[in-house]
Amino acid sequence: MTNTDENGGWRGRFSAFALAFAVFGALWFFIAAGGTKLGLWGWRVGFSKLAMGWGPKIVMSALAISALAIIVSLVMAPRKRPFMLALAALLVSGLSMGRLYATKENAKRLPPLHDIQTDWTHPIMPTAALLSARASTDAGNEIEEAPVISDRAKGSWPGMEGRLVSEVQEEAEFNPERQKKEVSAPYPHLETLVLPSVPFDMAYQAALDTVNAKGWTIVTAEPEEGRIEATETSFWFEFKDDIMIRVLPEGESGSRIDVRSVSRVGLSDLGANAKRVKLFLEDLEARIG
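Owing to the predicted nature of the structure, the values given are computational and were not obtained by experimental measurement.

Caption draft 1: Quick look at helix 5 (residues 165-172). Of the residues making up helix 5, those classed as buried are Val165, Val168, Gln169 and Ala172. Down the axis, helix 5 shows its buried residues gathered within 100° of arc, on one side only. Those residues of helix 5 hidden inside the fold are in contact with strand 1 (115-117).

Structure follows, in structure tokens:
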């Protein structure tokens, strides 16, 4: 059977709708994030409900409609325009689904950590000022000397609940005896930065300058204690992570620097805190020269 409408009639319109819906599905996550950024809703609505709750359902629906549009476009001539629109819809929705799947698999590969530091034998603890700043945003994650993984991790990470964060971090870090390449380890290896020939005052100032260069919001800066506390806010959903830096004298003329980075909410940070600590120490070393 042949349709005289070169656009494919209702089949063309259905394919066009499938493409529009697929594009909408891809843009949905930007809508969720953008609304959070503009203050239209909080991160719990933007991230938890809109992005992670409704987002996958919209993308799956778009993928199903696109597949149906492919079938419908081939039932009769003309086929070219309906098929091309349906194919474009399938590609867009497929890419969106692929991105969601990759994110989910990456989350499963990484342990449920949101508290990372360079020295768990002498943990850095927050000041009252930082605790107050965290309380003002209803931070759900506490900062403890020896934190354990929450029971909430049981569903997605069975067997992890109740384990010491310090042990899980060590297991996840790159170890040349276990892994041939650092990319095969979920986390980079983190340790205290020891500067045997850099005096305390110089090391502290370099750490403070590095914090300022990164644009973090400073909560406390106490050179007499060798302490710096700062907060980094993510661009889209405005998640806040707190960074605690401790600078201490080392030997006669050296210094040692430890860093702790903690997310205020969430079970897993997808490696963000470990990456932040690693990059901070690298930038600090480069600044000192």
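Next, the rest of the story.
Caption draft 2: Geometry of the pattern of salt bridges. If you walk through the whole model with that rule in mind, you get 14 salt bridges. Close ionic contact of Arg163 with Glu171 constitutes a salt bridge, the shortest N to O distance being 2.6 Å. The salt bridge involving Arg246 is made with Asp258; its shortest N-O contact spans 3.3 Å. Placement of the pair is Arg246 in strand 5 (residues 240-250) and Asp258 in strand 6 (residues 254-263), with a sequence separation of 12 residues.

Caption draft 3: Representation of the nonpolar core within the structure. One finds Ile245, Val247, Ile257, Val259 and Phe280 to be the most contacted residues of the largest nonpolar core, which totals 37 residues. For this core, the elements supplying multiple residues, two or more each, are helix 5, strand 2 (193-195), helix 6 (200-213), strand 4 (227-233), strand 5, strand 6 and helix 7 (272-288). In terms of residue count, helix 6 provides more of this core than any other element does, 7 residues in total. Every residue in contact with Val247, bar those within four places of it in the chain, is listed here: Phe200, Ala203, Tyr204, Ala207, Glu225, Gly226, Arg256 and Ile257.

Cut-offs and rules
Per chain, residue numbering runs from 1 following the sequence as it is written. Local features in this predicted model are restricted to residues whose pLDDT is 70 or higher, and side-chain atom pairs enter the listing and the counts only when it is 80 or higher, whereas totals over whole chains, interfaces and linings include all residues. In computing side-chain properties, one takes all heavy atoms of the structure into account and sets aside hydrogens as well as water. Throughout, exposure labels follow a simple rule: accessible area from a 1.4 Å probe, protein chains only, divided by the maximum for the residue type, with under 20% read as buried, over 50% as exposed, and the rest as partly exposed. Helix and strand labels come from DSSP, where a helix needs a run of H or I of at least four residues and a strand needs a run of E of at least two; each type is numbered from the N terminus. By arc we mean the arc of the directions from the helix axis to the C-beta atoms, nothing more. Any pair of residues with heavy atoms lying within 4.5 Å of one another is described as a contacting pair. The working definition used for a salt bridge is a side-chain nitrogen of Lys or Arg within 4 Å of a carboxyl oxygen of Asp or Glu. Here, nonpolar core refers to any group of buried Ala, Val, Leu, Ile, Met, Phe, Trp, Tyr and Cys residues whose side-chain atoms link them within 4.5 Å.

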